[in-house]
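Chain and residue survey
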Amino acid sequence: MLNPTGSPVVEARDVTVALGGRPVLRGNDLVVRAGEFVALMGANGSGKSTLVRALTGLRPLIQGSVHLFGTPLAEFKERHRIGYVPQRGTAAGGVPASVREVVASGRITRRSILRPAGKADRAAIDDALEVVGLTDMAGDGVSTLSGGQQQRVLIARALAGEPELFFLDEPTAGVDLPNQRALAGALRTLSERGATIVLVAHELGPLEPLVDRAVVMRDGRIAYDGPPLAHEDVHAHHHPFAGPHDHVPHVGSPFDTMSLDPREDRR
Ligand SMILES: Nc1ncnc2c1ncn2[C@@H]1O[C@H](COP(=O)(O)OP(=O)(O)OP(=O)(O)O)[C@@H](O)[C@H]1O
């Protein structure tokens, strides 16, 4: 959805975060509109995860503001509207839970603790399992699954809460290609249903066709915010965003040929 006209679901202004006494995000503006699929990219340590945590309220700002669905973060109570899949999590967590149980835990934001699971809960859980292609494994222990399958369980858990806005932090990192494709299929379904998706990724792989917009971080700042580059434009000769530990892809990535956003010069 390029040039989207939806209302802003995320509106971040001048977002500045310090960790360990050091500023790791500096003066970032970001607006994400309803229905957009945004890829947040950048080298290791550029601040992608910190930005996502700041947008979800998990990291306090030392400067700036975040509005979600038009409400200042501090006053935002409708947590069920947000799904967050953190980086490098495992769905097992050492607990001998089944796939279905872990996915069911994603309904907690929708249910009163004392109320037993109802028809709507069961339907949402079944739907989430189906979207990520794990219906047949619902009774399996999560700890018996591969890393990629566990990542799909985490996405299904977020999905079960039926959020409108998803933050996914590197869902495809360390995931084999078949599982990446399954993830891409699940995210396509979400996107087609109108969800807004902000996804952190080093490499887009099978997700590439889904992405409306790329936002690239460098040294705690948004250095590029625009359309993903057309495939024919991507011929790597230099890597303007590459840091010393960077492992950005050499093909099919906006890192390769993009120019700097003019905002960069004003900072
Ligand atoms: N808890 C923390 N305390 C101090 N510094 C931190 C902490 N967490 C992250 N940082 C630093 O903040 C900067 C941004 O980290 P962040 O994890 O947001 O980057 P990233 O782009 O998500 O990196 P990666 O791709 O490696 O996950 C890095 O320099 C990192 O070392």
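Now for a description of the structure that goes with this document. (Residues numbered from 1 in each chain as written. Predicted model: local features only at pLDDT ≥ 70, side-chain atom pairs only at ≥ 80, totals over all residues. Heavy atoms only, no water.)

1. Digging into the overall build of the chain
Short version of the rule: Each helix corresponds to a stretch of at least 4 residues labelled H or I by DSSP, and each strand to a stretch of at least 2 residues labelled E; elements are numbered beginning at the N terminus. Relative accessible area decides the class of each residue, using a 1.4 Å probe on protein chains only: under 20% of the type maximum gives buried, over 50% gives exposed, and in between gives partly exposed. When checking whether two residues touch, look at their non-hydrogen atoms; a contact exists if any pair is within 4.5 Å. Computed with a 1.4 Å probe, the accessible areas rest on the Shrake-Rupley method; for each residue, only the protein chains presented here act as cover.
Helices and strands together make up the secondary structure of the chain, namely 5 helices and 10 strands. Across the 267 residues that make up the chain, the buried fraction comes to 49%. Across the chain, the fraction of contacts at a sequence separation of at least 24, relative to all contacts at a separation of at least 6, is 69%. Here the chain has roughly 12400 Å² of accessible surface; of this, 51% comes from carbon and sulfur atoms.

2. Some points on the sheet that holds strand 4 (residues 63-68)
Basically, it comes down to this: Should DSSP find at least two bridges between two strands, the strands are taken to pair. Here an angle of 0 to 180 degrees is reported between the N-to-C directions of two axes, which are lines fitted to C-alpha atoms, with helices fitted over the stretch in contact.
The 4 strands are arranged 2-1-4-5 in an open sheet whose pairing can be described as antiparallel. One side of each edge strand has no neighbouring strand; the edge strands of this open sheet are strand 2 (22-33) and strand 5 (71-72). Relative to strand 2, strand 1 (residues 8-19) is paired through 8 bridges, and the arrangement is antiparallel. Paired with leucine 19 across the two strands is arginine 22, which belongs to strand 2. Against the sheet, helix 1 (residues 48-56) engages strand 1, strand 2 and strand 4, with an angle of about 120 degrees to strand 1.

3. Description of the pairing of strand 8 (residues 196-200)
What counts is decided by this rule: By convention a crossover is right-handed if, when the strands point away from the viewer, the path from the first strand over the helix to the second runs clockwise.
The buried count for strand 8 comes to 5 of 5 residues, which makes it a mostly enclosed element. Sheet topology places strand 7 (residues 165-169) next to strand 8; 5 bridges connect them, and they run parallel. When the bridges of strand 8 are listed, phenylalanine 166 appears paired with isoleucine 197. Where the polypeptide runs from strand 7 across helix 5 (residues 177-192) and back to strand 8, its parallel neighbour, the crossover connection is right-handed.

4. Here's the deal with the side chain of serine 49
For clarity, the cut-off: Polar contact criterion, stated in full: a pair of N or O atoms within 3.5 Å, where within protein one must be able to donate a hydrogen and the other to accept it, and residues adjacent in sequence count only if both atoms are side-chain atoms.
Relative to the helices and strands, serine 49 resides in helix 1. Of the polar contacts made by the side chain of serine 49, one reaches the side chain of aspartate 169; its length is 2.8 Å. Discounting chain neighbours no more than four positions away, the residues touching serine 49 are Gln87 and Asp169.

5. Observations regarding the sheet that holds strand 6 (residues 82-85)
With respect to topology, 6 strands assemble into an open sheet ordered 6-7-8-3-9-10, the strand pairing being mixed. Bordering the open sheet on either side are strand 6 and strand 10 (221-226), each of which pairs with just one other strand. On average, each strand axis in the sheet is inclined to that of its neighbour by 15 degrees, with strand direction left out of account. Relative to strand 7, strand 6 is paired through 4 bridges, and the arrangement is parallel.

6. A look at the packing of aromatic side chains
Selection criterion: Side-chain rings of Phe, Tyr and Trp (the six-membered ring for Trp) are treated as a pair once their centres are within 6.5 Å; stacked means planes under 30 degrees apart, edge-to-face means over 60, and tilted covers the remaining angles. Ring-over charges, as used throughout, are those where CZ of Arg or NZ of Lys falls within 6 Å of the ring centre and within 35 degrees of the ring normal.
The final tally for this structure, using the stated rule, is 1 aromatic pair. Each ring, one from phenylalanine 69 and one from phenylalanine 76, has its centre 5.9 Å from the other, and the planes form 15 degrees; the classification is stacked. Owing to a relative accessible area of 18%, phenylalanine 69 belongs among the buried residues under this scheme. A cation sits over an aromatic face here: arginine 81 above phenylalanine 69, 3.9 Å from the ring centre.

7. Notes on the packing of helix 4 (residues 147-160) against helix 5
Put simply, the rule is: For this classification, under 35 degrees means roughly parallel, over 145 means roughly antiparallel, 65 to 115 means roughly perpendicular, and everything else is oblique. Should the near helix be turned anticlockwise from the far one by less than a right angle, the crossing is left-handed, and should it be turned clockwise, the crossing is right-handed. Classification used: nonpolar for Ala, Val, Leu, Ile, Met, Phe, Trp, Tyr, Cys and Pro, charged for Asp, Glu, Lys and Arg, polar for all others including Gly.
For the pair helix 4 and helix 5, interaxial distance at closest approach is 9 Å and the crossing angle is 15 degrees. Relative to helix 5, the element helix 4 is oriented roughly parallel. Note that helix 4 runs across helix 5; the crossing there is left-handed. On the side of helix 4, the interface is formed by Gly148, Gln149, Gln151, Arg152, Ile155 and Leu159, while helix 5 contributes Asn179, Ala182, Leu183 and Leu190. In the contact of helix 4 with helix 5, the residues fall into 5 nonpolar, 4 polar and 1 charged.

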